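As a plain string of letters, each chain reads:
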Amino acid sequence: MNSFLNTCSLIKLFGYMPDGAVVNSCELTNKNGIQLKVINYGATITSLKIPLKNGAFLDVVLGFDTMEAYLNSFKLKSAPYFGATVGRYAGRINNSTFSLNGKSIDLNNNNNGHSLHGGNIGFSQKKWEIKNVTEGENPSITLSYFSPDGEENYPGDLSIDLTYTLSEENELIIEYVATTSEDTAINLTHHSYFNLDGHNSNILEQDLSINSNKILETNDHNIPTGQFLNLENNLFDFNQAKKCPKTIDSTFVLNDGKEFLASLFSPKNNLEMLVFTNQPAVHIYVGGNCFNTIKGKENVDYHALSGICFETQNFPDAPNHDHFPNAVLRKDEVYQHKTIYKFQNS
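Further remarks concern the packing of aromatic side chains. Applying the stated rule across the entire model yields 17 aromatic pairs. Aromatic pair Phe-82 and Tyr-193: ring centres 5.0 Å apart, planes at 90 degrees, arrangement edge-to-face. Placement of the pair is Phe-82 in the loop between helix H1 (67-73) and strand S6 (84-86) and Tyr-193 in strand S17 (residues 193-194), with a sequence separation of 111 residues. Each member of the pair, Phe-82 as well as Tyr-193, is classed as buried.

Printed below as a string of structure tokens:
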């Protein structure tokens, strides 16, 4: 462990892994008062509090108060992945297999015979190392994870640095940098459930817009078929803002040249979140249900309309579709992914 962890006042004990490993939390605050809390279990954001014009603080992400709750959430019939970092491959890979350099890669399956969000124990359930913390202007935390060759049957030693930054422009900036010892497939994403009315509300009165003209067509198991669906006259056309849907679990192909890829707005709080990314898609998902089994923060019962995810990423199942964006990281290349969630309170 880096020596600064023993002296940094921002680092506090959060809990323990089943093997006894220590999990710490880190709290960052920018000069405008935005407060971010991160734990190094799954490089997970547990809280994001935004100061409003009326002086109140609003926690806009779902999460848990205890380590036990995070561990138990992966035992639910549909794990929510609250605030977690997802990898080695976000989304589904058909039949848990793909071909790489002429060789069949057979992954662990954990979702109807398919691989979802990295397999049985993905990056969301791993202990990450806290590598660095900065204070002052644009405070940040960098976490690292080493995924050994063969983990969940993925080839190559994968080394990842993930940095969360709170900018003075009220942006949550997420940057991933990864390298590999062998060619491998990679698709990292962030899995916070946002709610601009507060984590103890529902999202139905918030306005959603997405700069996209097409989504990926999927089969009954939500696996991409390789085809695209035009969003003209489609219920999921959010080029013009409209209320969040009750049910959505779709990958939107992003339009080039747009100022931002998506936005969420709360008329109740006059709070807006803009989403920017260098990735080709965003997977939008409404959910958060903990099935009255695990209590959320502040003893809240999360339900199927508690939050909405903006999972910026490559296409699910891209390794099995030559016409999808490349998802292979070569051993002499660097994976770089940047996403920004920008908050504005009018």
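Moving on to the nonpolar core. With 61 residues, the main nonpolar core has Leu-48, Tyr-164 and Phe-310 as its most contacted residues. Per-element accounting of this core gives the leading share, 5 residues, to strand S13 (residues 158-166). Beyond its immediate chain neighbours, meaning those up to four positions away, Phe-310 contacts His-190, Ser-192, Phe-194, Leu-208, Ala-262, Leu-264, Met-273, Val-275, Val-282, His-283, Ile-284 and Tyr-341. Ranked by size, the runner-up nonpolar core spans 22 residues in total, among them Val-23, Tyr-70, Val-300 and Cys-309.

If you walk through the whole model with that rule in mind, you get 8 salt bridges. With a closest N to O distance of 3.2 Å, Lys-126 and Glu-151 form a salt bridge. With a gap of 25 residues between them, Lys-126 in the loop between strand S10 (115-116) and strand S11 (129-134) and Glu-151 in the loop between strand S12 (140-147) and S13 connect regions that are remote in the sequence. Residue Lys-126 shares its accessibility class with Glu-151, and that shared class is buried. Between Lys-295 and Asp-301 there is a salt bridge whose closest N-O contact spans 3.0 Å.

Taken together, the 5 strands give an open sheet; going across it, the order is S1-S2-S3-S4-S5, and neighbouring strands pair in antiparallel fashion. The two strands at the open ends of the sheet, each matched to only one other strand, are strand S1 (11-16) and strand S5 (57-59). This sheet shows a mean twist of 20 degrees between the axes of neighbouring strands, independent of strand direction. Relative to strand S4 (residues 44-51), strand S3 (residues 35-39) is paired through 5 bridges, and the arrangement is antiparallel.

Right, let's talk about the environment of Leu-58 for a bit. Along the polypeptide, Leu-58 turns up in strand S5. In the structure, Leu-58 is positioned 24 residues away from Ile-34 in sequence and 9.6 Å away in space, judged by C-alpha atoms. Those residues in contact with Leu-58, other than ones at most four positions away along the chain, are Leu-48, Lys-49, Ile-50, Leu-52, Leu-196, Asp-197, Gly-198, Asn-269 and Leu-271.

The method is simple in principle: a probe with the dimensions of a water molecule rolls over the atoms, and the space it marks as empty is what remains. The space that makes up the largest pocket amounts to roughly 610 Å³. Every residue lining the largest pocket is counted, 31 residues in all, and those nearest its centre are Tyr-81, Arg-92, Asn-111, Leu-116 and His-117. Of all the elements in the fold, those that place two or more residues in the lining of the largest pocket are strand S19 (212-218), strand S22 (249-254), strand S25 (281-287) and strand S26 (307-313). Tallied by class, residues from the lining of the largest pocket come to 12 nonpolar, 15 polar and 4 charged. Each pocket or cavity is described by its volume, and for the second largest pocket that value is around 300 Å³. If you go around the second largest pocket, you meet 18 residues; those closest to its centre are Phe-14, Lys-37, Thr-46, Ser-47 and Asp-65. The set of elements that each furnish at least two residues to the lining of the second largest pocket consists of S1, strand S2 (22-29), S3 and S4. Of the residues assigned to the lining of the second largest pocket, the class counts are 5 nonpolar, 5 polar and 8 charged.

The rules behind the values
- Residues numbered from 1 in each chain as written.
- Predicted model: local features only at pLDDT ≥ 70, side-chain atom pairs only at ≥ 80, totals over all residues.
- Heavy atoms only, no water.
- Phe/Tyr/Trp six-rings, centres within 6.5 Å; stacked < 30°, edge-to-face > 60°.
- Helix = DSSP H or I, 4+ residues; strand = E, 2+ residues; numbered from the N terminus.
- Buried < 20%, exposed > 50% of the residue type's maximum accessible area, 1.4 Å probe, protein only.
- Core = buried A, V, L, I, M, F, W, Y, C linked by side-chain atoms within 4.5 Å.
- Contact = heavy atoms within 4.5 Å.
- Salt bridge = Lys/Arg side-chain N within 4 Å of Asp/Glu carboxyl O.
- Pairing = 2+ DSSP bridges.
- Axes fitted to C-alpha atoms, helices over the stretch in contact; angles between N-to-C directions.
- 1 Å grid on protein atoms, 1.4 Å probe; cavity = no way out; pocket = protein on both sides within 12 Å on 5 of 7 lines; lining within 4 Å.
- Points joined across faces, edges and corners; volume = space filled by probe spheres on them.
- Nonpolar A, V, L, I, M, F, W, Y, C, P; charged D, E, K, R; others polar.

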